[in-house]
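# Architecture at a glance
Read off the chains here:
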Amino acid sequence: MKSFNEAINIDPNFAPAYFSKAYIYSVQDKSDLAIVNYRKSIEKYPQHSHSYNNLGLELLKSSKPDEALAMFKKALEMDPANGDAHANLAYYYFDIEDYKNCWEHIHLAEQLKARIDPEFLKELEAKMPRINKSN
């Protein structure tokens, strides 16, 4: 964190430092600080789809599903091959109990080689058995 703060002191417009700080806050379960820094990362570099995706996940964890959905959609609009965004969009659909769309995004995430939490897959299978992939 110290290095990222130093980078920001040197160049306040260095988006990767804000993204990295946000990620650290995220893994520390400090969602409010993660959200602030992901937003700052986007402000400094609005073309980074991973910032939108990660912001969406933090918003989803913070019980802000509508804002999260907008961020996931923006990430996928910018980069349709962002497998992590498809995986996180699956979490959104799971939360609203739309299991069909959840599976669709799981399949896309898997095709893009994104990591899917095996425990999440078990929970989803319990709600709705896996549907066939459409290739």
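Below is a summary of the structure that appears in this document.

Rules of the game
Residues numbered from 1 in each chain as written. Predicted model: local features only at pLDDT ≥ 70, side-chain atom pairs only at ≥ 80, totals over all residues. Heavy atoms only, no water. Helix = DSSP H or I, 4+ residues; strand = E, 2+ residues; numbered from the N terminus. Rg over C-alpha atoms; globule rule 2.2 N^0.38 Å. Buried < 20%, exposed > 50% of the residue type's maximum accessible area, 1.4 Å probe, protein only. Contact = heavy atoms within 4.5 Å. Areas by Shrake-Rupley, 256 points an atom, 1.4 Å probe, with all protein chains shown as cover. Lys, Arg positive; Asp, Glu negative; His and termini not counted. Charge placed at Lys NZ, Arg CZ, Asp CG, Glu CD. Phe/Tyr/Trp six-rings, centres within 6.5 Å; stacked < 30°, edge-to-face > 60°. Lys NZ or Arg CZ within 6 Å of the ring centre and 35° of its normal. Arc of directions from axis to C-beta. Polar contact = N/O pair within 3.5 Å; in protein donor to acceptor, adjacent residues only side chain to side chain.

## Overview of the overall build of the chain
The number of helices and strands found in the chain is eight helices and zero strands. Helices (α) and strands (β) of the chain occur, in sequence order from the N terminus, as α-α-α-α-α-α-α-α. In summary, the chain has a C-alpha radius of gyration of 16 Å against a globular reference of 14 Å for 135 residues, a match within 12%. Along the first, second and third principal axes, the C-alpha atoms of the chain reach 50 × 25 × 25 Å. Buried positions account for 41% of the 135 residues belonging to the chain. Residue pairs in contact within the chain that sit at least 24 positions apart in sequence constitute 42% of those at least 6 positions apart. About 7700 Å² of surface is accessible on the chain, with carbon and sulfur atoms providing 51% of the total. Computed over 17 positive and 20 negative side-chain charges, the separation of the two mean positions in the chain equals 3 Å.

## Overview of the environment of serine 41
Structurally, serine 41 is set in helix H3 (residues 31-44). Overall, serine 41 belongs to the buried group, its relative accessible area being 2%. Along the chain, serine 41 and proline 118 lie 77 residues apart, while their C-alpha atoms are 30 Å from each other. Look past the residues within four positions of serine 41 in its chain and what remains in contact with it is Ala15, Tyr18, Phe19 and Ser51.

## Overview of the packing of aromatic side chains
On inspection of all chains with the given rule, the structure shows five aromatic pairs. Ring centres 4.3 Å apart and planes at 50 degrees place the aromatic pair tyrosine 91 and phenylalanine 120 in the tilted group. Of the two residues, tyrosine 91 is situated in helix H6 (residues 83-95) and phenylalanine 120 in helix H8 (residues 118-127); the sequence distance between them amounts to 29 residues. On the basis of relative accessible area, phenylalanine 120 is assigned to the buried category, the value being 5%. Look at phenylalanine 94 and phenylalanine 120: their rings are 5.2 Å apart centre to centre, the planes differ by 70 degrees, and that puts the pair in the edge-to-face class. With phenylalanine 94 in helix H6 and phenylalanine 120 in helix H8, this residue pair connects regions lying 26 residues apart in the sequence. Through pairs of rings, three or more aromatic residues link up here, namely Tyr91, Phe94, Tyr99 and Phe120. Lysine 74 extends its terminal NZ or CZ atom over the ring of tyrosine 52, reaching a point 6.0 Å from the ring centre.

## Describing H8
Listing the buried residues of H8 in full gives Phe120, Leu121 and Leu124. Projected down its long axis, H8 carries its buried residues within an arc of 100 degrees, all on one side. Exposed residues lying more than 90 degrees from the buried face of H8 are Lys122 and Ala126. Packing partners of the buried residues in H8 comprise H6 and helix H7 (99-111). The opening residue of H8 is aspartate 117, an N-cap whose side-chain oxygen sits 2.9 Å from the backbone nitrogen of glutamate 119.

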